[in-house]
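Chain residues, written in single-letter form:
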Number of protein chains: 4
Amino acid sequence: MQIDQHRIAACNEPLTAAHQRRLQFLRQEIPHTEDIIAKLIAFQVAIPSWALGTGGTRFGRFPGWGEPRSLEEKLEDIGLLHALNRGSGAVSLHIPWDIPSNAAHIRAVASQLGLQFDAMNSNTFQDQPGQEHSYKFGSLAHTDKYTRQQAIAHNLEVIQYGRDLGSKALTIWLSDGSCFPGQLNFRRAFDNALESFGEIYQGLPDDWKLFIEYKAFEPNFYSTTVGDWGQSLLYTSKLGPKAFTLVDLGHHLPNANIEQIVALLLREGKLGGFHFNDSKYGDDDLTVGAIRPYQLFLIFNELIEGMDARHMQHATDMGWMIDASHNVKDPLEDLLQSVEAIRIAYAQALLVDRDQLTAAQNNNDAVLAQEILQHAFRTDVRPLLAEARLRAGGALDPLAAFRQEKVREQLVRERGKTAIATGL
Amino acid sequence: MQIDQHRIAACNEPLTAAHQRRLQFLRQEIPHTEDIIAKLIAFQVAIPSWALGTGGTRFGRFPGWGEPRSLEEKLEDIGLLHALNRGSGAVSLHIPWDIPSNAAHIRAVASQLGLQFDAMNSNTFQDQPGQEHSYKFGSLAHTDKYTRQQAIAHNLEVIQYGRDLGSKALTIWLSDGSCFPGQLNFRRAFDNALESFGEIYQGLPDDWKLFIEYKAFEPNFYSTTVGDWGQSLLYTSKLGPKAFTLVDLGHHLPNANIEQIVALLLREGKLGGFHFNDSKYGDDDLTVGAIRPYQLFLIFNELIEGMDARHMQHATDMGWMIDASHNVKDPLEDLLQSVEAIRIAYAQALLVDRDQLTAAQNNNDAVLAQEILQHAFRTDVRPLLAEARLRAGGALDPLAAFRQEKVREQLVRERGKTAIATGL
Amino acid sequence: MQIDQHRIAACNEPLTAAHQRRLQFLRQEIPHTEDIIAKLIAFQVAIPSWALGTGGTRFGRFPGWGEPRSLEEKLEDIGLLHALNRGSGAVSLHIPWDIPSNAAHIRAVASQLGLQFDAMNSNTFQDQPGQEHSYKFGSLAHTDKYTRQQAIAHNLEVIQYGRDLGSKALTIWLSDGSCFPGQLNFRRAFDNALESFGEIYQGLPDDWKLFIEYKAFEPNFYSTTVGDWGQSLLYTSKLGPKAFTLVDLGHHLPNANIEQIVALLLREGKLGGFHFNDSKYGDDDLTVGAIRPYQLFLIFNELIEGMDARHMQHATDMGWMIDASHNVKDPLEDLLQSVEAIRIAYAQALLVDRDQLTAAQNNNDAVLAQEILQHAFRTDVRPLLAEARLRAGGALDPLAAFRQEKVREQLVRERGKTAIATGL
Amino acid sequence: MQIDQHRIAACNEPLTAAHQRRLQFLRQEIPHTEDIIAKLIAFQVAIPSWALGTGGTRFGRFPGWGEPRSLEEKLEDIGLLHALNRGSGAVSLHIPWDIPSNAAHIRAVASQLGLQFDAMNSNTFQDQPGQEHSYKFGSLAHTDKYTRQQAIAHNLEVIQYGRDLGSKALTIWLSDGSCFPGQLNFRRAFDNALESFGEIYQGLPDDWKLFIEYKAFEPNFYSTTVGDWGQSLLYTSKLGPKAFTLVDLGHHLPNANIEQIVALLLREGKLGGFHFNDSKYGDDDLTVGAIRPYQLFLIFNELIEGMDARHMQHATDMGWMIDASHNVKDPLEDLLQSVEAIRIAYAQALLVDRDQLTAAQNNNDAVLAQEILQHAFRTDVRPLLAEARLRAGGALDPLAAFRQEKVREQLVRERGKTAIATGL
């Protein structure tokens, strides 16, 4: 299904007066609303293809209804989101869950929906039917050379799929590690991973980026071979200028200061992309902003500070992606909430008066610095987001429109109750 | 010093037009603003007497200037806060740091400043000069009976000081515990603590409450004898109806769900009081709301839900206290920020549509439930706080007024640069 | 397959001389070796039926070979373990994964292998085919009464299965909770769970125990309705004398002092059983003792102290069970390592000189108390375990015998490579 | 005081027969006992001068008796330890707590006691009387250039003190950071710290090492400017070949895999030194091995593996230091326990059969790898330590000798009860 423009307009109509009142109020409060609105219109977050189905845990999975049955239907889902919020105009594919057997067709479908192809994702954390070497004990860092080569070949294949679609980046989340002390030799594992990354890097087109994601634990529960930002940075520094570190918000030890990590990676010119989600305990993959919205704001505060200092373009010089699971929510509704939370944090961070903040920092005035940040965070910026959506042809209230237009019911009618998307 | 009412009015004057515009806007957004404003006016947070000086860590302390040199000057400080924000009309004293040698005089000073005496605090985590038995290895749970008796006697003395001042509650933070496995017998330590609490409870006036605070670790680094809410609840359940658990936000293990603890203690009728602060790692005692403002909101959401369900009065049926340290901020400015953060969370929680939330919960509609909570949290309620202050005679912007009126400079002139308050 | 007694003897023969030398040495070091050996012979750990297959994570599962295909084969596996280590003479079944369609037959098989039936386990964290109400949003604490009743009925059915087999306990791990703030009302969830537990308790035979397990998080990532020992104790205290708390080592927040929890639950007479495993990050379900063997020893130190103080029998008055997953190890080898680690910790704790320890504690001599505990922990007690096994007819080195006798290879021949056990 | 050699012999005499029996037993179990004993004799751990007095927390300090009153008495204390355990033949001094006003004299005293001077420690986390610029808001990373220069000058002065004494390393623990979001700019703080480190590095003699310590939190509770190993490695990599990272066991986030960090730093050739202690919650500074002895063993396992791979000498190519606090133990007894725990872990790690382990790792045999490590850890190596001490002229049981010889009582007689050492 697609949502007709006039249906969105119909949803917006009764909300317009209140929206204008709120926007008008904000214009009195904030001097540069037009600048913020323009940046919001340009700012797009990629939806991962695996997030369109219901997620699960090792204890079970409770599927929803009407999940996409093919890559085309996944694009259709993202197209629905983008039609509503005009902020999710990109997709991040996963191989082998989303092999584009007809790339030209897939590109055409995406183009018609206004979608770009963001980073491609490889998978060497699962075995596929007919696979010669198992990844039970690792892949790119495996002790066995042939297993490593198989995993390298898979990544090179993913790059090829991505080239066919117009993607410009490869994300490697390497789950290799160990569950028990003694199981592996940390140094040799590092060496093996580095060598494998190097071969993939050799196969990377000149205009591509390689993102090395890190994660503290899970699915390995003693050590992970790319376990923290320091390890990822070691790899990406040794690999070369096309290699960057990717930060996933849920991949840290308890209490980590993620915003400081972001700032330091930007200082080193090595921050390449982001996987947004939220968590309370581990890699919980909850809706973005559902648990720690202030941390999200602080991260965006550092992103803007650091990107501006390096003259990077917010909209294009960073890979903005969601990586969440949806165990008890409708995936599309969850994604609407996640995109909204990201954009709120972005808009709030744009509100921060940087000159004032720098002055407060230079004076070691922690009270004033906090006031400046919290003033931005406490400001209700939602009317700016709504206005950005409105101008781009989206819905003033995307979630309400989703429910009002009975999108999920329509998808169930089209796809059936038992359709289950590929993914975790 | 005291701040004249007309000085506050002078500070307010240039801010009034913008305030009225914002308030007017909120009135269009929120149906029951008057109800919220009334509740805010009634809601008072107690300032601990030890929070008026600069705090420190075990590695050092960097004192500020013009700290209060006596109990009278501590009340003066709180009076200044209360004059500005009209929300800190109570004080929580600590013995032996604040022994009221002339109780009648102290009551008169407090009364003149509009201050009540909230819970009294005892101290058996430090040795005092001339003390017969040392608390190095514990106090109320010490293996030695005479040491326990000394600690019991101290608590009974604190109650007497409190009676003289009109307080109605005693808070016991028992730091007893152990630094090494084997150092103590957990069961005997529990028995000793229970027996000691029991003797103090016997000496408690009928109209008093006994608050048993818990803490996961520090200053003992292996075990704490009142280590978590479960242990505190065991004690307070065995003691009787005047005994309650007190929650300090910084006293939990990483990732604890404090709001659930609050809800369950309220269900059991055993939540008595709160120590507000914020933290990222341990008992960091940072400004309230400086790190996790959404968690603070979620806690208030449970407080209101649970207190309303038990027909408790928000303003009077719970001990609301701050317990923070101020290592790099001016203590009074820090306290103004803390009180503001508490009141924002309270106001936001009052915004939550409880009927809608219950309906969403009954439908297991996690998406809608989150929308309801986050709508309240994202609303900028600061104009309601300002209006409550204005009606009560306070400042529209207390922190700005504090700086504009050069309060600290005046206190330094009166007290000198080297004045250091008692406390940690 | 079964392992012939003479095959075990053949494995032992070349190891006997060295064993006798080590045992002789220990007899000079430890006065009461015979007492410890006798206790070790009596001490049996139950194997959970779901631990006989390869576990997995939400990211994938890499099955092993020759896993048991039926309940009979699961008993066969445990019989093999028990034949080797003479310390795993009990099984803990899970319904619906192990429905004993012919109870008499199953009892006979178990009896022939020398196995008892320890606690039964229910499952309301997954949906079963044909089930009327889904557990997606909870079971015993669900907002819907009919869903709760279905989950209650399931537990009563599990009791019936257990009665048929001679079990005397039911373990309920209730995974109900929420993934998002606002999703549920904590108080109503508690009330619902309590009411459901009560109905199950009503159906419990007089000579049975009900174990209520707690867990901090997973599969719910915001709150769990039985989230910590305090909550479990609230339920079991309200339910009555047949209800007990069950401790799983992996179900705590970071840095929790589990041994103190054990001591306090024993003080309250409410500790009923144990799920052993080890972990570094969350509920990692690693081999017991693989990460924190000293913590395991400290827990046994408290178990012995507390059980002796209550005149409880080590072997019979507590439910000793393993609950681990085996993602990268052969499940049977992993279980042999787990049982060995448990028995080492038990033997070491039996070495602790309790009179000396009490004296050191009474003197607050933390140095000596640590010496006493660490002397026990540093003593190499493995010869005592070997001797206990030898006397009971087991192997001096169970793991070596397992490999030498090519047990897994034999099982693969019998069952095939692709056999996969029921479970997670 | 000093302990006469014949007093130690007298303490040893009644223990000798049992020691010989145990040693003889171990010789049958372990092929290369002589090699291990030789390495133990060579292995020396430096005692920090500030660890000779009773430590405290921010909540208080309970001093012991007879603490050293001068640098000479601190050396005397360490001399006593070394006489007993022959494993603490080095001291790590702290400026300004231990300014050697007469370096030649101090060298002579140390030499007479058989003590070397290990790394010097600077202090810019406290203000000293008469200091021009305060370190309240930082030192080497301060926003103010003059404050940075003052802190640089202090470090250069510490180097000079160290040269006079024969030290060859400077340890910088930089506590700079922030308590609140917004307080500082992460990038500028990094730049400032790097520039300051660079100036100190310029002043470092050619045969010296610069150790950059990292710490996750405390005394700053939001961010630390050298917060983790990744940040320290960034600094030391940029500084040059004389700069190394120093690992303190208590300076990590919860659940960090320290042994992996050790292995990777060794791989990069950037691990320079160690601060040993133990902890359960944060930087608890407890006795080494008191909480997680297996982790300590795993760390030594990586140290030996990595140092051997780089052909580093265990005894001389790494700075081995203790950094602990002693709140409830006699500092000297605590240090005897710490040194013993370190040496046990070292000896156990020397037991690991590296060829077997490598083979198991290459086969991904996690079961066997664990067996190999745990066999070493479960072996009671204490007789090897005793033999190494005996041969070097020390006590078979240092702690028993310390008590038997009434060392503390003698020190109290000499120094008085109220002597308090400089330090925290």
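Chain A is annotated in an unreviewed UniProt entry as Sugar isomerase from Chitinophaga qingshengii.

I'm lost on the interface of chain D and chain A in this one. Help?
Interfaces are often described in size by the accessible area the parts lose on coming together. Opposite the 52 residues of chain D that make contact, chain A presents 52 residues. For the pair chain D and chain A, the summed buried area comes to about 4,500 Å², and 55% of that belongs to carbon and sulfur atoms. Counting the surface chain D buries against chain A, the share from its top three residues, Phe186(D), Arg267(D) and Asn364(D), is 15%. For the interface between chain D and chain A, the tally reads 6 salt bridges. Two residues, Glu268(A) and Lys238(D), come together in a salt bridge whose shortest N-O distance is 3.0 Å. Counting every contact that joins chain D to chain A gives 27 residue pairs in polar contact (both at pLDDT 80 or more). Within the residue set of the side of chain D that touches chain A, elements represented by two or more residues are helix H7 (186–202), strand S10 (223–224), helix H8 (229–239), helix H9 (258–267), helix H10 (293–309), helix H12 (354–362) and helix H13 (366–378) of chain D. For the side of chain D that touches chain A, the class distribution of residues is 23 nonpolar, 19 polar and 10 charged.

In this structure, what is going on with the interface of chain B and chain C? I would like to understand it.
Contacts between chain B and chain C engage 52 residues on the former and 52 residues on the latter. For the pair chain B and chain C, the summed buried surface comes to about 4,500 Å²; carbon and sulfur atoms form 55% of the total. Of all residues in chain B, Phe186(B), Arg267(B) and Asn364(B) bury the most surface against chain C, accounting for 15% of the area lost on that side. Our count for the contact surface shared by chain B and chain C stands at 6 salt bridges. The partner of Asp191(B) in a salt bridge is Arg267(C), and the shortest N-O contact between them spans 2.6 Å. Across the chain B-chain C interface, the total number found is 26 residue pairs in polar contact (both at pLDDT 80 or more). Elements that contribute at least two residues to the side of chain B that touches chain C include exactly helix H7 (186–202), strand S10 (223–224), helix H8 (229–239), helix H9 (258–267), helix H10 (293–309), helix H12 (354–362) and helix H13 (366–378) of chain B. Here the residues of the side of chain B that touches chain C are counted per class, giving 23 nonpolar, 19 polar and 10 charged.

Would you mind showing me how to read the packing of H7(B) against H8(B) here?
Axes are the key here: two packed helices are described by the angle between their axes and the distance separating the axes. Residue and element names in this part refer to chain B. Where H7 contacts H8, the two axes come as close as 10 Å, and the packing angle between them is 45°. Taken together, the axis directions place H7 and H8 in an arrangement best described as oblique. Remark: the crossing between H7 and H8 carries right-handed chirality. Where H7 approaches H8, its residues Phe 190, Ala 193, Leu 194, Phe 197, Gly 198 and Tyr 201 are matched on the opposing element by Leu 234, Tyr 235, Lys 238 and Leu 239. Across the contact of H7 with H8, the residue classes break down as 8 nonpolar, 1 polar and 1 charged.

How should empty space enclosed by the protein be read in this particular structure?
Sizing a probe to match a water molecule and rolling it over the atoms shows the empty space that remains. Of the pockets and cavities examined, the largest cavity occupies roughly 660 Å³. Around the largest cavity sit 45 residues that line it, and Asn255(C), Lys280(C), Arg292(C), Asn255(D) and Arg292(D) are the ones nearest its centre. When contributions to the lining of the largest cavity are tallied by element, the ones reaching two or more residues are helix H9 (258–267) and helix H10 (293–309) of chain C together with H9 and H10 of chain D. Grouping the constituent residues of the lining of the largest cavity by class yields 23 nonpolar, 14 polar and 8 charged.

How should the packing of aromatic side chains be read in this particular structure?
Within a pair of aromatic rings, the relevant descriptors are the distance that separates the centres and the angle that separates the planes. Per the counting criterion, the structure on display carries 84 aromatic pairs over all chains. Ring centres of Trp97(D) and Phe125(D) lie 6.3 Å apart, and the angle between their planes is 80°; on these two criteria the pair is classed as edge-to-face. Here Trp97(D) is found in the loop between strand S4 (90–92) and helix H5 (103–113), whereas its partner Phe125(D) is found in the loop between strand S6 (120–121) and helix H6 (145–165), with 28 residues between them in sequence. Overall, the relative accessible area of 14% leaves Trp97(D) in the buried class. Residue classification places Phe125(D) among the buried residues on the basis of a relative accessible area of 8%. Members of the aromatic cluster, connected to one another through ring pairs, are Phe43(A), Phe274(A), Phe276(A), Phe300(A), Trp320(A) and Tyr346(A). Geometry around Phe244(B) places Lys209(B) over its ring, the cationic atom sitting 5.3 Å from the centre. The residue whose ring lies beneath Lys242(B) is Tyr201(B), and the NZ or CZ to ring-centre distance is 5.0 Å.

Would you explain the pairing of strand S9 (residues 209–213) of chain B in this entry?
The two faces of the sheet receive side chains in turn, since in a regular strand these alternate between them. Residue and element names in this part refer to chain B. By the criterion of burial, S9 is predominantly enclosed, with 4 of the 5 residues buried. With 5 bridges connecting them, strand S7 (residues 169–173) and S9 associate as parallel partners. Considered in S9, the bridge of Leu 170 is made with Leu 210. Across 4 bridges, the pairing between S9 and strand S11 (residues 243–248) is parallel. Its bridge partner lying in S11, Phe 211 is registered against Phe 244.

Before we go on, may I ask you to explain the relation of the copies chain B and chain C in this structure?
To go from the first copy of the chain to the second, apply a rotation about an axis and then a shift along the same axis. If you rotate chain B by 180° and push it 0.0 Å along the axis, it lands on chain C with an RMSD of 0.0 Å. Taken together, these values place the two copies in the relation of a two-fold axis. Closest approach to the rotation axis among the C-alpha atoms of chain B is made by Gly230(B), whose C-alpha sits 2.1 Å away. Comparing interface residues between copies, 100% of those in chain B also sit at the interface in chain C, which points to an isologous, same-surface contact.

Would you mind going over the confidence of the model for chain A with me for this structure?
Residues shown with low pLDDT carry predicted positions that ought not to be read at fine detail. Summing up the model confidence of chain A, the mean pLDDT is 97 and the portion of residues at 70 or higher is 100%. Here the predicted complex scores 0.98 on pTM and 0.97 on ipTM.

Just checking my understanding: could you explain the side chain of Arg389(D) for this structure?
All names here are of chain D. As for its position among the elements, Arg 389 is in helix H14 (residues 382–391). Judged by relative accessible area, Arg 389 falls into the buried class, the value being 3%. Here the side chain of Arg 389 touches Leu 396 through a polar contact of 2.9 Å, landing on its backbone oxygen. Those residues within four positions of Arg 389 in sequence are excluded, and the remaining contacts are Leu 84, Asn 85, Arg 86, Glu 340, Gly 394, Ala 395, Leu 396 and Pro 398.

I would appreciate a short explanation of the environment of Ala9(C) in the present structure.
All names here are of chain C. Mapped onto the fold, Ala 9 is located in helix H1 (residues 5–12). Residue class for Ala 9 comes out partly exposed when judged on its relative accessible area of 43%. Taking the C-alpha atoms as reference, Ala 9 lies 9.9 Å from Ala 401; in sequence the two are 392 residues apart.

I keep staring at the side chain of Ser178(D) and nothing clicks. Help me out?
All names here are of chain D. Relative to the elements of secondary structure, Ser 178 occurs in strand S8 (residues 177–178). Given a relative accessible area of 0%, Ser 178 falls into the buried group. Among the polar contacts made by the side chain of Ser 178, one reaches the side chain of Ser 223 at a distance of 2.7 Å. With sequence-adjacent residues up to four places away left out, Ser 178 is seen in contact with Gln 183, Leu 184, Asn 220, Phe 221, Tyr 222 and Ser 223.

I keep staring at the relation of the copies chain D and chain A and nothing clicks. Help me out?
Least-squares fitting of chain D to chain A yields an RMSD of 0.0 Å, with the transformation described by 0.0 Å of translation along the axis and a rotation of 180°. With an isologous cut-off of 70% or more, the 100% of interface residues of chain D that recur at the interface of chain A puts this contact in the isologous class.

Any chance you could explain helix H1 (residues 5–12) of chain D here in plain terms?
Counting along an α-helix, one turn takes 3.6 residues, and residues three or four places apart therefore face a common direction. All names here are of chain D. Residues of H1 that are buried: Ile 8, Cys 11 and Asn 12. All buried residues of H1 lie within an arc of 100° about the axis, which places them on one face of the element. Residues of H1 that are buried sit in contact with helix H2 (16–29), helix H4 (71–85), H14 and helix H15 (398–404).

Could you clarify how one ought to interpret the environment of Ile342(A) in this entry?
Residue and element names in this part refer to chain A. Note that Ile 342 resides in helix H11 (residues 331–351). By relative accessible area, Ile 342 is classed as buried at 0%. Excluding its chain neighbours within four sequence positions, the residues that come into contact with Ile 342 are Phe 43, Val 45, Phe 276, Val 288, Leu 296, Phe 300 and Ile 322.

Where do I start with helix H11 (residues 331–351) of chain C in this structure?
All names here are of chain C. Spanning 21 residues, H11 covers 30 Å between terminal C-alpha atoms, matching the ideal 30 Å at 1.5 Å per step. Among the 21 residues in H11, 21 count as buried, and that is most of the element. At the N-terminal boundary of H11, the capping side chain belongs to Asp 330, with an oxygen 2.8 Å from the backbone nitrogen of Leu 332.

Where do I start with the nonpolar core in this structure?
Inside soluble globular proteins, nonpolar side chains tend to come together where they are buried. Counting residues in each nonpolar core, the largest one holds 560 residues, and the members touching the most others are Phe300(A), Phe300(B), Phe300(C) and Phe300(D). Residues within four places of Phe300(C) in sequence aside, it is in contact with Phe43(C), Phe276(C), Trp320(C), Ile342(C), Ala345(C), Tyr346(C) and Ala349(C).

Got a minute to help me understand the UniProt feature "domain: Xylose isomerase-like TIM barrel" (unreviewed entry) in chain A in this structure?
Following the UniProt record, the feature "domain: Xylose isomerase-like TIM barrel" (unreviewed entry) maps to residues 100–285 of chain A here. Taken end to end, residues 100–285 of chain A has its terminal C-alpha atoms 26 Å apart, with 38% of it in helix and 16% in strand.

Got a minute to help me understand the pattern of salt bridges in this structure?
Where charged atoms of side chains with opposite charge meet at close range, the side chains can pair. One pass over the full model with this rule turns up 116 salt bridges over all chains. Close ionic contact of Arg22(A) with Glu29(B) constitutes a salt bridge, the shortest N to O distance being 2.9 Å. Taken together, the residues span two chains, with Arg22(A) in helix H2 (residues 16–29) and Glu29(B) in helix H2 (residues 16–29). Judged by its relative accessible area of 32%, Arg22(A) falls in the partly exposed class. A salt bridge links Glu305(A) to Arg187(D), with the nearest nitrogen and oxygen atoms 2.8 Å apart.

What counts, and where the lines are drawn
Residues numbered from 1 in each chain as written. Chains lettered and ligands numbered in written order. Predicted model: local features only at pLDDT ≥ 70, side-chain atom pairs only at ≥ 80, totals over all residues. Heavy atoms only, no water. Contact = heavy atoms within 4.5 Å. Buried area = accessible area lost by both parts, 1.4 Å probe. Salt bridge = Lys/Arg side-chain N within 4 Å of Asp/Glu carboxyl O. Polar contact = N/O pair within 3.5 Å; in protein donor to acceptor, adjacent residues only side chain to side chain. Helix = DSSP H or I, 4+ residues; strand = E, 2+ residues; numbered from the N terminus. Nonpolar A, V, L, I, M, F, W, Y, C, P; charged D, E, K, R; others polar. Axes fitted to C-alpha atoms, helices over the stretch in contact; angles between N-to-C directions. Parallel < 35°, antiparallel > 145°, perpendicular 65-115°, else oblique. Left-handed = near helix turned anticlockwise from the far one by under 90°. 1 Å grid on protein atoms, 1.4 Å probe; cavity = no way out; pocket = protein on both sides within 12 Å on 5 of 7 lines; lining within 4 Å. Points joined across faces, edges and corners; volume = space filled by probe spheres on them. Phe/Tyr/Trp six-rings, centres within 6.5 Å; stacked < 30°, edge-to-face > 60°. Buried < 20%, exposed > 50% of the residue type's maximum accessible area, 1.4 Å probe, protein only. Lys NZ or Arg CZ within 6 Å of the ring centre and 35° of its normal. Pairing = 2+ DSSP bridges. Least-squares fit on C-alpha atoms with pLDDT ≥ 70 in both. pLDDT = per-residue confidence, 0-100. Arc of directions from axis to C-beta. Expected span 1.5 Å × (residues − 1). Core = buried A, V, L, I, M, F, W, Y, C linked by side-chain atoms within 4.5 Å. UniProt positions renumbered as here; feature names shortened; annotations may be inferred.

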